[in-house]
Protein chains: 2
Amino acid sequence: MANLTAGENCGELQVALDIIVGKWKPIILFHLMENEKLRFSELQRAIPEITKKMLTSQLRELEYNDIVHREVYQQVPPKVEYSMTEYGHGLTPLLVSMRSWGTEHLAHLEELHGKDNEEPRC
Amino acid sequence: MANLTAGENCGELQVALDIIVGKWKPIILFHLMENEKLRFSELQRAIPEITKKMLTSQLRELEYNDIVHREVYQQVPPKVEYSMTEYGHGLTPLLVSMRSWGTEHLAHLEELHGKDNEEPRC
DNA sequence: TCAATTGGTTTCTTAAAAGTAACTAGGTTT
DNA sequence: AAACCTAGTTACTTTTAAGAAACCAATTGA
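Residues numbered from 1 in each chain as written. Chains lettered and ligands numbered in written order. Predicted model: local features only at pLDDT ≥ 70, side-chain atom pairs only at ≥ 80, totals over all residues. Heavy atoms only, no water.

- Going by an unreviewed UniProt entry, chain A carries the name HTH-type transcriptional regulator YdeP and comes from Oceanobacillus neutriphilus.

Notes on the protein's contact with DNA strand D
(1) Moving on: Near DNA strand D, the surroundings consist of 20 residues, among which Lys23(A), Lys53(A), Arg70(B), Pro78(B) and Tyr82(B) are the closest.
(2) Moving on: Lys52(B) is positioned with one of its side-chain polar atoms (N or O) 3.1 Å from a base nitrogen of DNA strand D.
(3) Moving on: A distance of 2.8 Å is found between a phosphate oxygen of DNA strand D and a side-chain nitrogen or oxygen belonging to Arg60(B).
(4) Moving on: Of all the secondary-structure elements, those providing two or more residues to the surface near DNA strand D are helix H4 (52-64) of chain A together with helix H3 (40-46), helix H4 (52-64) and strand E3 (79-84) of chain B.
(5) Moving on: In terms of residues, the surface near DNA strand D owes the most to one element, H4(B), which gives four residues.
(6) Moving on: Split by residue class, the surface near DNA strand D holds eight nonpolar, four polar and eight charged. (Near = heavy atom within 4 Å. Polar contact = N/O pair within 3.5 Å; in protein donor to acceptor, adjacent residues only side chain to side chain. Helix = DSSP H or I, 4+ residues; strand = E, 2+ residues; numbered from the N terminus. Nonpolar A, V, L, I, M, F, W, Y, C, P; charged D, E, K, R; others polar.)

Considering the protein's contact with DNA strand C
(1) Moving on: Near DNA strand C you find 19 residues, and of these Arg60(A), Arg70(A), Tyr82(A), Lys23(B) and Lys53(B) are the closest.
(2) Moving on: Within 4 Å of the protein, the atoms of DNA strand C are drawn from sugar and phosphate moieties in a proportion of 60%.
(3) Moving on: In the environment of DNA strand C, a phosphate oxygen lies 3.0 Å from a nitrogen or oxygen atom belonging to the side chain of Arg39(A).
(4) Moving on: Of the residues contributing to the surface near DNA strand C, the split by class is eight nonpolar, four polar and seven charged.

Points about unusual backbone geometry
(1) Moving on: For the peptide bond that leads from Val76(A) to Pro77(A), omega is -5 degrees, which places it in the cis range.
(2) Moving on: In the Ramachandran plot, Glu36(B) falls in the positive-phi region, its phi being about 70 degrees despite a non-glycine side chain.
(3) Moving on: Tracing the backbone shows Glu36(B) in the loop between helix H2 (25-33) and strand E1 (38-39).
(4) Moving on: In this model, Asp66(B) sits at a positive phi of 65 degrees, which is unusual for a non-glycine residue.
(5) Moving on: Here Asp66(B) lies in the loop between H4 and strand E2 (68-73).

This is the structure in structure tokens:
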């Protein structure tokens, strides 16, 4: 096990968290991971409840962090394609382990507290 | 690579995230991971900027999720000890990988954008 | 000429997370 | 008797995240 030091190193975990948290980032990332390229409007259709504002801002943060690439085609009407960067793919194993931990934890919670927490989240 | 399906499975990732997010949960968890048992006041001293209210609420959430155990000693003045549960230790590898991803990402960001983002977070 | 198209931006409002400060119980120490 | 200790709770305020809705630019097709 890697060394654990709580105090100063917590910032590093927050850095990782900041990439992933936000109500929409995980689902955006999963869509981009399984799709190679997606236009803005395709993401909108894939995640119908998201607003343009949220989609834009989350994509911009991911772009700033070099997780997502934004390709603008100079044409009208505009066309913009989003895709995972090479670097961004390095995040995949983490997201996948988080999701599988979550899946198991759901079962564990149900065992502990019963099925009272069934509200869907997305 | 495990199968990725964006739509329905995003909830599971959120479940994992909900355990970890919150401004204080990661640092609380790291302290408990490296300390076996800690009293409420010891956690307060270890994380001086946290308020009682936040410390209490975050610990209660972790307790609800069976990550943290709360042991109350019936004495005055009160004594309450917090520790990771056996189940909670299953979260350690995830937290450790998140932190190391974060560490590497910090270096990556610096390479990309320079050292302009130096504000400490905790 | 006029509506439709795409990928946004802007302003305003609402909801959720976090912070502040005062208060509590009840036994111990001064 | 008064102050102190721990582990909280409560009520209120501030900050941050998210949502709603209107607006925009340039070209195409009807």
